[in-house]
Structures are given as C-alpha cells and as structure tokens.
Amino acid sequence: MTTKEKSYQSLPAEILWKEELDWLELYDQNPKPPGWRLSPATVVTFIIGTDEPLRMPKGKKLPSGTNATLRVTPKYVGNRSLIERCTVTLAGERGLMLVGEPGTAKSMLSELFAAAISGTSSFTIQGTAGVPEEAFRYGWNYSMLLGKGPVPEALVPSPVLSAMRQGAIVRVEEITRCMPEIQDMLISILSERVIAIPELEIMERALQGFSVIATANLRDRGVNEMSAALKRRFNFETVPPIADAALELDLVKRQTRNLLDRSGFDIPLDEEITQAIVTAFRDLRTGLSAEGWTVDKPSTVMSTAEAVSVSVSMALEKAFFPSKDIHSAFPGYLLGTVEKDEPADRGKLLAYWDGPVARRGKNDDPVWKKLHDLKDVLK
Amino acid sequence: MKSSGETFIKTAEILAASQSPFFIGVRHHSPVLSAFAGRMLDEFKPDCVLMEFPADLEDVIPLISHAQTIAPVALSARSKEAGHHSEVFYPFADFSPELQVMRWCRENDIPLKAADLPAGAVHNPENETSETIDAPNSPGVSESLMKHFEADDTHELWERMIEESGAGRTSEELRRSALLCGIIMRMTGESPDSETLVREAHMRKTLEEAISDGYKRIAFVCGSYHCVGISAQTLSLDFPRNTHAVSEIREMDSCLVPYSFSLLDSRSGYASGIDFPLWRQKVWENLYESPDGSTLDNAALELILKAARKMREMNMLITFPDIRETWRMALDLSALRSHKSVTIRDITDAIEASCIKGDARDIFARRGIESVFSEERQGHLCPQAPIPPLGKNVQTELEALGLPVKSATPAVFRLSPAESPKDLKRHILLCRLEILGIPYGERISERDTNITTVWRVAWTPFVHSALGFLAVYGQDSFSAARGYLKVMFRKACETPDEDIPLYAAAEGAFPDLFSEMATFIIENSRFPSDAASLQHMGILISRIKQGLLYQFEPDHDVLEALFDIIINKLISLHEGHINSPSIDSIRAISATVAMASNSMPRTLYWFLERCTSSPSQLISACGWCNLVMAGKTEGSVAGSILGSVFELGDISSARDFTKGVLASALNLFEMDETVSGPFHERIRTMNDDTFLSHLPWLRDAFSVLSSADRQRFVSILGVREDHLSGIFTDSGDAAILARCDKAGFEKVKELFPDIEFAQPVIKTDSTSPAVQDETYTVTVGKISLNARWQLILGIMPRDKNYAAHARALSAVFGAGGGGEGSHLDFGGAGSGDSYPTVREWEADIGGLFTSENRDFLVEKAVRENWAAAVTDLDIDALPPSVDLLESIMSLKGSLSEDRIARLRPLIKRIVDELTKRLRSRVSSALSGIKTPFSSRRKSGSIDLKRTVKGNLSKVIFDPNPVIMADHFYFRKRAARRMEYTVFLLVDVSGSMNRSVIFSAVTAAIIASLPAVEVKFLAFNTETVDLSGLVSDPLSLLLEVDIGGGTDIFRALKTAHSMMKSPPRSFLVLVSDFEENSSDYPMMREIAAMAEAGVKMTGIAALDDTGKAVYNTQTASKAAAAGMAVGVSSPLDLARWLAGYLK
C-alpha cells in the first residue's frame, strides 16, 4: 500500500487485498465464467482462506517480486457452504440477496465478492429513502443538456449502468430502504439485462459478468417490503451471526486491535475484558449462556460489530482515563448497547446480572465476580 | 509398528487383495453399495456367501429375500423368556446392501450363511480373555483425513468417500474405498468393545468352518468396520482379538414386520437410521440401472419438483423459473464441490437459496421440504411370512394383568396407580393402548386427577383388527406405542399447527421421548400461545416434578428448563394484563403464581412488583397479595396499604383495590392479622357518616365473594371478634350477655377457688368514641359493628334503622350471595322487599347516600344492564362521559327502537364532544398531505424538474439555449382523488367498547381528509362492512353490536379481498388479539399482506387511557409477521398515517 493509501480510514477490498487477488489470478487454472476475473472455486478460496499455503503450478512464469506460495487470509469466518452457494448464484442469471441481522458482515461479503469476481467494488448504491431513479438508471448533466441537447456526453450513468457497461458487479446496500417503486426498477434490469435510453434512442446492453448483489437488514423495514416480482429475481442467502465462540472472540480481538492501531497510540488490549464482552454478547444474543443457562433475550440486536465497538471504546477509556477501574465501565456500555428501543430491555439486562453473572461470580470467576458487584451501575 | 497413514493404506491393500474370503465391506444402509453389490458378486463368482447376520435367525432370510417381499421390512427378535428385554431389530430397505446380497444369492442359487453371533447369545464380559493390545490409534492422521474429506464424524466420512463419489466408478474401486473407510473408522475411534470382539470371533469361526466344508470362493459381506477383525491376515497387525466362546444361547422369537420410511428416518429415533430415505431410494434405483450416475441429475429434478409442489401447498410462490434456477444451482454446486454426481446436500442447499426468500415462513418451508425427502413408503411381506404377533402379545399382556380379553361387555375398573404397583402397570398399559388409538379402554375420570383413574374396558373385534394394522410399529404394547408416538412426534414437528404429544409421552411412561419432545418444544418455541393451555402444560410439569405422576422421571434439566420457559411465557402474557380492569386477569395471575409456588423465579417476583405499581388497582392488589403469600413482603406493608384505601379520593380505586385483595387472596385476608388488621380497625372506628359514604363501594367490593366464601367469612369474623358471634342474633343484647357472663364467672370462681382461670375480656357497649385497648367497643357510632358488617356483606341487618340502606344496595348488588350481573325484576318477584319502580329506588338512594355515591350507584345500575335504568332515569343529568356511552352501547341490544331514539340526543352530545376534542388534536397531524404525482392542474408549487423534462423538445438557441416551455407541471395539493385507502378493522367482541367508540370517531375524522378513503369493518366472529356510515359516527355506533367471539383471521381476509391496490392501502387493526382458534392462519394472512405491500398497524386499545388488555404472544407474532403492534391514542394513529402520506 502506498503512504497515501495508508492514510485513508478505510480502503476498498480490491486495494486492501490487491496482492492476494493478483496472485490468485495467476494461480487459477480452472475455467472462468465469462466476465469473471477468477474461477468460482478460487473465489471461494479467496474468501474462506486456506490453512496450508497454496503453491503456484510448476512452470508458471512469475512477475518479479511474486512469491511461489501464498497463504490466503481467511476473510469471512463462517460456513463454507454459504460462500459456495453465493458464488454459484452469481454465476447464474439471478442476483444475490444477502439478508441478516445488522453486523453480520453482509456488506463486507458483498464487497469481497465484487472485488474477487469483477476486480472492483466501487459500483455501489447506498439505499436510503431518498434514492431517486437516477441512481438505478441514469441522470443528466442539466447544463450540458440545455447547452448541447441530449448527447451521450450529457448522460450521467448510474452505478448500475456503469457496471453493465463494464460487465462488473453492482452492489446495492440496504435495498429495502429504497422506495418500492425505485427498487422495482431492478426487475426489468435483472430479467432483460438492458436499459433503454429513449432520449438517445439506444439500448444499453449489459456485458457478460454483470450481476447484482443486494443486502438487506432483517430487522427494520425488512424484506417483507420487497415486491414479489423483485424477490424472485434474487437468490436469498441468510448470513448468520458467528456460531463459534472461539472464532468470534478471535474476530473481535483482531478487529479491535486494528481499530486501536489506527488511533496512533499504543493501546493494550485487555484479554479478560474482551472475553467477558464477547461472552455477554453471545449470551444475550442467543438466549442461552455457554453453561447452558437460559437468558432472557433483549429485543436489541447484539451484533459482533457492536461488540467490537464496545471493546474499542473500553480500551480507549482505559487508555485515556487510567485511574478508573476498567471493569466499572462495562455495565454502562452494555446497558447502552442493550437499552435502545424498549425500556423492558433494561429489566432483561438486570435479570442477566442476577442470573448468569451472579452464578459465575459464585463460581469464583474473578472477572465476573467484579462485574456482579457493579450491579448498581445498572439501576 | 508405524502408526501413520501408510498403515491404513497397507491394511486396505491386504484386505482388498484377500480372496479367501473376498471382503465386501458395507454400511448397513448404503445406496451406492447396494447398487454395486450385485456387480461385485457377479465379478467374483463365489460359491458361498457369508453375511453379518445372526446365526440363529438364518431361517428368516428366505422370507426377507422373497420375490414378493417389498422393502422396507424389518426383522425383530425377542428372547422367549419373559421379562428379558434383549431385543434385536434389523430394518432392510432396497438400499440395504445385505438385502441386495440376499436377493442375489436367491436368484443365483448360491448358499448364504449367517455368520454373526446368535442374537440370543448371552455375553458375559468377565469371562472372556482377549489379547488386549491397544488398537493403533493415530489421532493426528485421522484428523487430517477427516478434514480432507470435510467430515465431522464417521457417518459423514462414509458419505463423502462412498455415497457422494459413487457414480462413474467401477465396483472394484468402490469396494476398496469402502474397506479403507472401514479401516479409518476402526482406527480413529475408540477400541472396539468386548461385544464387538466376541461377534468377530464368531464370524471368524464360521469362516473357518466354511473353508473346511470345502468352499473355495467365499465372499464375506459385513460392516466394513469389522473386516479388519475377521481377516486372518491382519492378525499380525496388532488388532485386538477375542478367543472366548459364548456360554449360553437363549431361544429367540423372531418376526418380520412391514416397515416404513418414516420409521427408518434417523430422525424418528432409530439409532442406525438414515436421513432422506426417499433420496437414498432414488440413488439406488438410478445407480442400479446406470452406474455412471447419468440419470441422477434427472432424479434430482424429480425431487425438486416434489419439493416445489409441497411448497406451493404451503402457499409459497414457486414458479417454473424458480425450479429451473434450483436445478441449475444444484448441478453447479455439485460441480464446484467436485462431487461425481449431484448429492442431497447440493439439492437442499439449492432449494434453500432459490426458493426461500427470507420469509417468516422459513421454518415451515424447511420442514415441509424435509418431509418430501422422507416421503412415506410402506413395505409388504410375502404371503409366506407369518403374521406379526402384536395382537397376540397384547392379549397376553392384558391377561397377565387381569384385564378382560374375551368379552365385549364393558367392565369398569377403578385404579389407584399411586398405591398399587399392579394398578400402575394396568394404567400405563391402558394409556399406551390409548396412544395407539386402539378402542379397548375409555377413560372416564378427569385427566388431571392424581389418586384414582377410572377406565371402561371392552375387548371387541375392532380391537383385534386395530392391533393387526399397527403391527408395523412394534411387537408389543411398549414398542408399538413408542414407535407410533415417535411418528406422531415427527409429524407434529413438521406441521406448525399441531400440538406436540407431550401428555401422551408422559402418560405412556416414555421418559426419554418426553425429554426429547420437551427439548424440541424449547428449541423451536412450540409453545401454545394462550394462557390457559400454557397453564395446563405447567400444571402437568409441576405434577411430574412433585412426583405425582406415577414415578415418571424424565430428564430433570429439561423439565426445569421447560418449566422456567413456561413460567416466563405466562409472565409475558400477563404483561398484557398489567393494566387490566378485569377480575379474570387476577385469576389468571394467581393461577400462575400457584403453579410456581414451589420455586418461584425472580422474573415472577419482578412481575409482581411491577403489578404493585400498576395504575389498575385490581392488579396492584393482586401483586401485593401474591408477594405477601410468597413471603417477599411483610404482611403489614400490604395491610397498611389496604387500610388506607379509605383515604383514596376515587371510589372506584378504593373498590378495585379491595376487590383485588379479596379476589386474589381471600384466605390471606381472613387469616393474616397483619394484612387485615388495619382494614378491620378502620371499619370499626370510623364514624357513621363516613361509614355510610364508604358503604356503597364496600358493598361492591365484597360482592366478589361467592356464597360459600361469604359464609366462611362470616364464621371467621365470628371467631375473630367474639362479640360478633351473635351476628345472627339480636344485636344490642351483646352487652347484656357480657354482663351475665361476668356474673357467672364470678360465681364459678367462688365455687372453685383453687383453679386458675384466664381472665375474660370484658366487653361493654359504649357510645363514646374513645377506644380502650383491651376492651373492644362494639361501635363507635350508632351503627354497631355487627350492622356494619352485615351491610357490607349484604345480609339484612337486624337493626331496622339501616334496613333501607341494605335494601337500596341489594337492588343493585343482589341479595346475599348474589353478586355481579344479577338482574332484579322490579315490581315482581325478588327476595323480600323490592322496589316497584326505578324512580323509587333513585329517590331512596338520593336520600340515603351522598351525590357522589348516587352517581356511582346509578352508573353501576346502568352497567348492570338495567334497561329500566336507562330509560326511566334522568340520565341526562349525569355528566356525559365516554364511560356512560360505553355502558349504553353494551346495553343497546336490549333496548327497543323507541328507547334508542330517545337516547340519541345524549349519545349525540357525547359523540360531538369527543369529536371536537379529537379533531383539534388529530387534524394538525394530518394537514399538508401531498399526493406524490404532479399533474397539470394549476395549483400549488411548480415541479421544475418535470417541467424541464417535459419541455426539452422546445429549445431555441438565441444563441444560448432557452427553453420555451408551454406545458408546466405542478406539485398537487391533495385534491378529491382517493389515493389511499385506510381499512379500520375494529374488534367488537366484549371489552372493546371504549376502543370502538374512539375508532368510530377517529374514522370520521380521517374520512374527512381529501386524499384518503376509509373503510370501516367491525368484526367478532363475523365481519360487517360499515363503511357507508363512516361519516356519521353516531349511526355507526348505533349499528354496531357488541359481543361475541373473535375471528381476526376472517376480518383480515375480508379486508385483503377488498383491497384494490395493496401498496396504497393501510390496515389498522383495533383488537385485543385474543384469537378464538389457532393464530397461524392469522399470521399467514398478515405476512401475505405485508408481502403485497400493505402497511399495517395493530392497536390494542385506541382511547385516551392508554390502558389495554391484550394477548402479548399473539401480538408479538403479528409484529414479527409485519404488523407493528402497540397501544396508541388517535393522535398517534394520525401521526403514523401522516408519516406515509406526506
């Protein structure tokens, strides 16, 4: 990465993983669907990662500076079958719809797919209620339009049109937040793969490799709002929250570490507290503690992303206010996460404190014992 | 010895090369091997085949392999000795390699010998000797092997190595793979147990006998796990052997029964079962015909079509493009995963990705699909097979327990299972027969009685034939009932509406099944949604926990977990009642508290604590009482609150609180001094006027007691305060009696100076207001304590001064043990004195009670549905309130047209006032609504964008481009175009009166908006369209008939069918969500409408109080299906609408 790139807060996947993608492109021997940069099997490998390093096939000429082996970083922690199905979907004639709870890495996945398959993830539409039809079809540069009339230069293509012209994947984030009439523009685009531009009297046809990845939240304004005709042009995949506790802990630690590094200070990560955060989140998310005790689930989503955010905040607080006991902040942060819409959720958090937290404290777990003593913070 | 992968390969080579015997290692249900077994034998051309099959059951083999036997069938054998439960069970399907081998031997006339240990062999672990060398366990190799094949366990290993890569390979390749798989399984697991070793020893012996009998080409068909233990050549490889002979062989009773796919399915609980039997069958059929697997793709398509049909039955939208996409995905996935042919995993993944669209119906869709893959198929026995013995065995069992097996005349048996073991066995047997649906015994007693159960039994010919049909489930009552219950369980799992047969499992004494069902219920949240059924379930569990269910002991943790969840669900249901004004809510809460009494969870405490601060005094009282009974609060705390009700300004609050205490904890009030003390004290010490002013509501509160309660209360009062024991005698004599008693006592003391007597309490009748500590005063005012309680309890007081009060109150509250809802007939019958007309009554109470009380009583009279009260009284004088309107509305049905006409002005006044109040609040929220489209009509602001777009063709250059627009487009303010339709569905079943009134008025206000059309549907069990009357709320209210049940589903369906454009429709459901029947159709309808784009909201109470009683379970399910539910005021509703319209 260049220094300029390092100074950005966040980089697209095709730049972040440029080295791996280039290497895999050279390595890939399998047949590729038309318009794809990598073959489906390699796309899966790119996202899931490998344990053993891959070896470049013998006799392949390598450009200078390229290693003969590469260990692909695991980027998505979860079910391999899910990634396989998504890849196969994109090779077909339907779009891919990723649904799931907030914070389950749907957007990250869509970015990775776009980068791996098309080499770019920049054709993106952020879905909001204000998205106009120009975002899905095309708009006009009005002054040029008035000056020169309807000429091709005056046309402002939408990300969808640009993706069609390049044969790339277009990503629509939070599609259900768009107005239904706007969403339905995708119906004919997905069936016919053509956009008609009557002002120029042309039909723009999509090149091979064009497809759509959409994401939607299950929580607010869910997929119930989508029209049936639109739904039928997508294959739906539900991205689940991380099932394995150890994997989630690992992920939270890694991401927290990344975010803390960006702050520029050398801030240590408290392992015990992070473990407690992840455990608490998992308990409240699933309704079942690791030991098998039932937990009353609050109505808020306890996503992994939020766990990372809490962990980062706590580490920062400890770094900037060292005199305060780090444990004392925990109940407050947890309450802030849990009590969002429903006042009853506070009661559920209290129940959690009286239930599993108390029991763990009784079993002489020092961290939990300390946390249990901080119950008053919650009242 | 090297412990590495090389050992595996080398061993596999040895086994594969072996010719004596020629090993065919199998898994008991393996479609691929079944398809190739015949070919393997064709190639080897054996002269004898040995099989892993119990030696003593060899005679059954011809029946199994018979040409007319249709699989699946099962062989079941039991030892002849009674009381021994050693049972063996071998199912065979077309895709069982053993069955294919049996058939091959029959067709090719090759002898087949059963080589396994006899089923009746007794295995004594102590007596054996074995070379105990530990198996060369190499975990590192096995882990990497498992990972390589992506297998989590040995089952999956076989799937990957054999099943998923069977197509297109030669039979020899497959044989080698199977042997390798067996070796891996052997060496990566634990050492084989002693029973396995004994069996393998027997198989080796049979092999040696066959060799010495002169057979040259012997094929050995056994589980591939065992091959290593049987081959002589692997003896040197340090695998443990056993050389001990078996001591005893019991005689076995065997029978062949037809079997079924549903029982074969691994989820039915059969341990060696297989998943997706239908697919396995298809794989076998296709590979048998074409071993290259080319026809499997079509088989997959067939299965996908079946699944699509099933999904359509569940109202999911599956069309031809979906099926095409699913098939494409399945084939592409199998290519991506490098499968030789499409596998079941590919198919299920493809279906899930293409057809399931993030619905609320997902779970059911998946279950439905799974059911397709285990579609029912039953086997048939050949005619030569003996009839299964279920009937005979059951008859034997019944005879052994002394139950009739000969006569068809019914006999009644009274059983005491708790006391007599024999009765316990009888009861369980009868319950099991009941589960099977066999019409032998009929239960006469109530289901939940613990001590005795009463049965009527009769052995009719129907019983005999029913037993014949049920043979597939088992050989005797235990296994048959169990098998049948398992199938019922499976079916209930897949159908969302059906109840899980938990009771049957408990009564039939199947603790493991019970635990399994309980676990399923917990994991899939299959709880009933109404409080009564939940309580029923909870009672069953608490009975089991207390050991009251006949020594039935399922898994303790599961039971506890289930109980906890039930309690929590009940609590969350009760949450909906926390503001309830009704006694039934108290009863429901108290029932739950009673159920949890042994181990009350914290959540219940908090709930009760929240109850205490509820705005509804009834619930508050219930909370306090239950907390006292649970020992969480001191009685004195509750007592002081109760005692201070007299200070509450609001009559109804005081009455409600007292009523609540009496309804939830009458015995607490009676027995606990700390609770009732202050209350009693106040009654005793307040002066007359105060008492009379409190009397009406006291009477109302105590009217909640039933006659039996009343009697008991009176006698307790008598015991507590001795002077009241004369409550049924003349009052005022108490003082005289006391004096006589004192005189008598003095005399006795004189006669017996040595005996110590307890000092009597002297009671004097004093009219002074002072109260002395040790002596009770009978009264503080003129009204004696006796009389006070008599008046409160509705007993005619002896003191004639207050008879008038009693009479006046009795007219409203009923005499004696009456209570709510008792109608009195004026001018006719009635107990004692009665009033000829209402006016007289009104005049009386005007004189006796304060005006506030008078209003209270008159309103009560109206509420008690006194038609006369409404017509004859001058209720215009009463302050107009929505409460009064509520009462009138509930009364409306019994009034004549004439009466209603006379009430119109009053009703109109109330409605107009309400409309005025609401309109000013609501209109502001609804103002300024624009339509989304712009039009050409000139009004409002210009839509510049549209104008430019529409006039682009009219550009002139002079020299800069100028648009000469001649058509202009404007953003239109809402005109008389009905853009949106609002459907207001109002539940008019009882208790929704207030909401109905507010709904009618709100509907009128919304209808006056220009852009909106309002449809008003009133429903109970029927739905009535009153949209024509929306603009006249008065007539609408008079048209509506309150009462009846609740059928929300039908109302929703009607509304849905009336919608012309769902995306432009709003649905407002005003209801308490107490659906009469199952709420599943309702949820489906909501989901369907949500998918169509209708915007929905559910309102539990649409009024100004913010209090609602509603079924939280149903409401939250509705919310999950797409209808936001809450309690709101008309203003909130307007805001919600405006949010969409603006």
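Below: a short report on this structure. Everything quoted here is computed from the prediction, not taken from an experiment. (Residues numbered from 1 in each chain as written. Chains lettered and ligands numbered in written order. Predicted model: local features only at pLDDT ≥ 70, side-chain atom pairs only at ≥ 80, totals over all residues. Heavy atoms only, no water.)

Considerations on the overall build of chain A
- On a plain count of helices and strands, chain A comes out with 17 helices and 11 strands.
- Within the span of chain A, comprising 379 residues, buried residues form 50% of the whole.
- In chain A, the share of contacts with a sequence separation of at least 24, taken over all contacts with a separation of at least 6, comes to 70%.
- Roughly 17,400 Å² of accessible area belongs to chain A as shown, and the carbon and sulfur atoms make up 53% of that amount. (Helix = DSSP H or I, 4+ residues; strand = E, 2+ residues; numbered from the N terminus. Buried < 20%, exposed > 50% of the residue type's maximum accessible area, 1.4 Å probe, protein only. Contact = heavy atoms within 4.5 Å. Areas by Shrake-Rupley, 256 points an atom, 1.4 Å probe, with all protein chains shown as cover.)

Observations regarding the pairing of strand β2 (residues 48-54) of chain B
All names here are of chain B.
- Summarising burial for β2: 7 of the 7 residues are buried, a large majority.
- Bridge count for β2 against strand β8 (residues 218-223) is 4 bridges, and the pairing is parallel. Paired with Cys-48 across the strands is Ile-218, a residue of β8.
- Bridging between β2 and strand β5 (residues 112-116) involves 4 bridges; their strand directions are parallel. Looking at the pairing, Met-51 lines up with Ala-114 of β5. (Pairing = 2+ DSSP bridges.)

Let's talk about the pattern of salt bridges
- Applying the stated rule across the entire model yields 56 salt bridges over all chains.
- One salt bridge in this structure joins Lys-75 of chain A and Glu-20 of chain A, with 2.7 Å as the shortest N-O distance. Residue Lys-75 of chain A is located in the loop between β2 (69-70) and α5 (80-90), and its partner Glu-20 of chain A is located in helix α3 (residues 18-27); the two are separated by 55 residues in the primary sequence.
- Connected through shared salt-bridge partners, Arg-80, Glu-84, Arg-85 and Glu-237 of chain A together with Arg-337, Asp-346 and Asp-349 of chain B make up one network. (Salt bridge = Lys/Arg side-chain N within 4 Å of Asp/Glu carboxyl O.)

Comments concerning the environment of Ser-887 of chain B
- Along the chain, the position of Ser-887 of chain B falls in helix α39 (residues 882-891).
- Residues Ser-887 of chain B and Lys-860 of chain B lie 27 residues apart in sequence; the distance between their C-alpha atoms is 9.2 Å.

Brief notes about the interface of chain A and chain B
- Contact with chain A, which involves 33 residues of that partner, is made by 35 residues of chain B.
- Here chain A and chain B share 4 salt bridges between them.
- In this structure, Glu-84 of chain A and Arg-337 of chain B form a salt bridge, with 2.4 Å as the shortest nitrogen-oxygen distance.
- In this assembly, chain A and chain B are joined by 9 residue pairs in polar contact (both at pLDDT 80 or more).
- Ranked by residues supplied to the side of chain A that touches chain B, first place goes to α5 of chain A with 6 residues.
- Of the residues assigned to the side of chain A that touches chain B, the class counts are 15 nonpolar, 6 polar and 12 charged. (Polar contact = N/O pair within 3.5 Å; in protein donor to acceptor, adjacent residues only side chain to side chain. Nonpolar A, V, L, I, M, F, W, Y, C, P; charged D, E, K, R; others polar.)

A few points about the nonpolar core
- Of all hydrophobic cores here, the largest spans 286 residues; its most connected members are Phe-113 of chain A together with Trp-279 and Phe-702 of chain B.
- Element by element, the count of residues in this core is highest for helix α23 (residues 556-575) of chain B, at 10 residues.
- Within the second largest apolar cluster, 51 residues are counted, among which are Val-911, Leu-918, Ala-1011 and Leu-1034 of chain B. (Core = buried A, V, L, I, M, F, W, Y, C linked by side-chain atoms within 4.5 Å.)

Quick look at the sheet that holds β5 of chain B
All names here are of chain B.
- Taken in spatial order, the 4 strands of this open sheet run β1-β8-β2-β5, and their pairing is parallel. Looking at which strands have only one partner, the edges of the open sheet turn out to be β1 (22-26) and β5. Averaged over all pairs of adjacent strands, the angle between strand axes in this sheet comes to 30°, irrespective of strand direction.
- Sitting on the sheet, helix α2 (residues 31-44) is in contact with β1, β2 and β8, with an inclination near 175° to β1. (Axes fitted to C-alpha atoms, helices over the stretch in contact; angles between N-to-C directions.)

Some thoughts on unusual backbone geometry
- With an omega dihedral of 5°, the bond running from Ser-20 of chain B to Pro-21 of chain B counts as a cis peptide bond.
- Residue placement: Pro-21 of chain B occurs in the loop between α1 (5-17) and β1.
- In this model, Ala-71 of chain B is joined to Pro-72 of chain B through a cis peptide bond whose omega is 5°.
- Within the secondary structure layout, Pro-72 of chain B lies in the loop between α3 (61-65) and β3 (73-79).
- Residues other than glycine seldom take positive phi values, yet Glu-201 of chain A does so here, at roughly 55°.
- Looking at where Glu-201 of chain A falls in the secondary structure, it is placed in the loop between β8 (194-197) and β9 (202-205).
- Even without a glycine there, the phi angle at Asp-364 of chain A is positive, about 65°.
- Position of Asp-364 of chain A among the secondary structure elements: in the loop between α16 (344-362) and α17 (366-373).

Description of the sheet that holds strand β4 (residues 124-126) of chain A
Residues and elements named next belong to chain A.
- With parallel pairing, the 5 strands of this open sheet are ordered in space as β4-β7-β10-β3-β11. Two strands close off the open sheet at either side, each with one partner strand: β4 and β11 (234-238). For this sheet, the mean inter-axis angle between neighbouring strands, taken without regard to orientation, is 15°.
- In the sheet, strand β7 (residues 169-173) pairs with strand β10 (residues 211-217) via 4 bridges, with the strands oriented parallel. Paired with Arg-171 across the bridge in β10 is Ile-213.
- The strands touched by helix α8 (residues 159-166) are β4 and β7; relative to β7, the strand with the most contacts, the crossing angle is about 160°.

Examining the environment of Asn-235 of chain A
- Along the polypeptide, Asn-235 of chain A turns up in strand β11.
- For Asn-235 of chain A, a relative accessible area of 0% gives the class buried.
- Linking Asn-235 of chain A and Arg-85 of chain A, residues 150 residues apart in sequence, is a C-alpha distance of 9.3 Å.
- Leaving out residues up to four positions away in the same chain, Asn-235 of chain A has contacts with Thr-89, Arg-94, Gly-95, Leu-96 and Met-97 of chain A together with Glu-325, Met-329, Ala-353, Ser-354 and Lys-357 of chain B.
- At a separation of 3.4 Å, a polar atom in the side chain of Asn-235 of chain A contacts the side chain of Thr-89 of chain A.

Things to note about a nonpolar patch on the surface
- Together, Val-748, Leu-751, Phe-752 and Ile-755 of chain B give the surface a local cluster of nonpolar side chains, amounting to about 380 Å² of exposed area.
- Checked against the element boundaries, Ile-755 of chain B lands in the loop between α33 (734-751) and α34 (785-793). (Patch = residues over 30% accessible without salt bridge, like charges linked within 9 Å, V, L, I, M, F, W, Y side chains within 5 Å.)

Some thoughts on the environment of Val-122 of chain B
All names here are of chain B.
- Within the fold, Val-122 resides in strand β6 (residues 121-122).
- In this structure Val-122 comes out as buried when scored by relative accessible area, which is 19%.
- A sequence separation of 126 residues divides Val-122 from Glu-248, and the C-alpha atoms of the two residues are 5.4 Å apart.

Description of the packing of α2 of chain B against helix α11 (residues 277-289) of chain B
All names here are of chain B.
- As a packed pair, α2 and α11 sit with axes 7 Å apart at the nearest point and diverge in direction by 30°. Relative to α11, the element α2 lies roughly parallel. Remark: the crossing between α2 and α11 carries right-handed chirality. Between α2, through Pro-31, Val-32, Ser-34, Ala-35, Phe-36 and Arg-39, and α11, the contact on the second element is made entirely by Arg-280, Val-283, Trp-284, Leu-287 and Tyr-288.
- Residue composition of the contact of α2 with α11, by class: 8 nonpolar, 1 polar and 2 charged. (Parallel < 35°, antiparallel > 145°, perpendicular 65-115°, else oblique. Left-handed = near helix turned anticlockwise from the far one by under 90°.)

Here we look at the packing of aromatic side chains
All names here are of chain B.
- Summed over all chains, the structure comprises 24 aromatic pairs over all chains.
- Geometrically, the ring pair formed by Phe-53 and Tyr-90 is tilted, given 6.0 Å between the ring centres and 35° between the ring planes. Of this pair, Phe-53 sits in strand β2 while Tyr-90 sits in strand β4 (residues 87-92), placing them 37 residues apart in sequence.
- Judged by its relative accessible area of 2%, Phe-53 falls in the buried class.
- Taking relative accessible area as the criterion, Tyr-90 reaches 26% and is therefore assigned partly exposed.
- Where Tyr-980 meets Phe-1066, the ring centres are 5.8 Å apart and the plane angle is 50°; that geometry is what we call tilted. Of this pair, Tyr-980 sits in strand β19 (residues 980-987) while Phe-1066 sits in strand β22 (residues 1065-1070); the two residues are 86 residues apart in sequence, bridging distant segments of the chain.
- Over the ring of Phe-44 we find Arg-217, and its NZ or CZ is 4.3 Å from the ring centre.
- When the ring centre of Phe-691 is taken as origin, the NZ or CZ atom of Arg-788, which lies over that ring, is 5.1 Å away. (Phe/Tyr/Trp six-rings, centres within 6.5 Å; stacked < 30°, edge-to-face > 60°. Lys NZ or Arg CZ within 6 Å of the ring centre and 35° of its normal.)

Side note on the packing of helix α12 (residues 245-262) of chain A against helix α14 (residues 304-320) of chain A
Residues and elements named next belong to chain A.
- At a minimum axis distance of 9 Å, the contact between α12 and α14 shows a crossing angle of 50°. One way to sum up the angle between α12 and α14 is to call them oblique. Here α12 and α14 pass one another in a crossing that is right-handed. Every residue of α14 that contacts α12 at Glu-248, Leu-251, Val-252, Gln-255, Thr-256, Leu-259 and Leu-260 is listed here: Thr-304, Ala-307, Val-308, Ser-311, Val-312, Ala-315 and Leu-316.
- Residue composition of the contact of α12 with α14, grouped by class: 9 nonpolar, 4 polar and 1 charged.

Considerations on helix α15 (residues 326-338) of chain A
- In this model α15 of chain A runs 19 Å from its N-terminal to its C-terminal C-alpha over 13 residues, within 8% of the 18 Å that 1.5 Å per residue would give.
- Considering only its buried residues, α15 of chain A is in contact with α13 (271-286), α14, α16 and α17 of chain A. (Expected span 1.5 Å × (residues − 1).)

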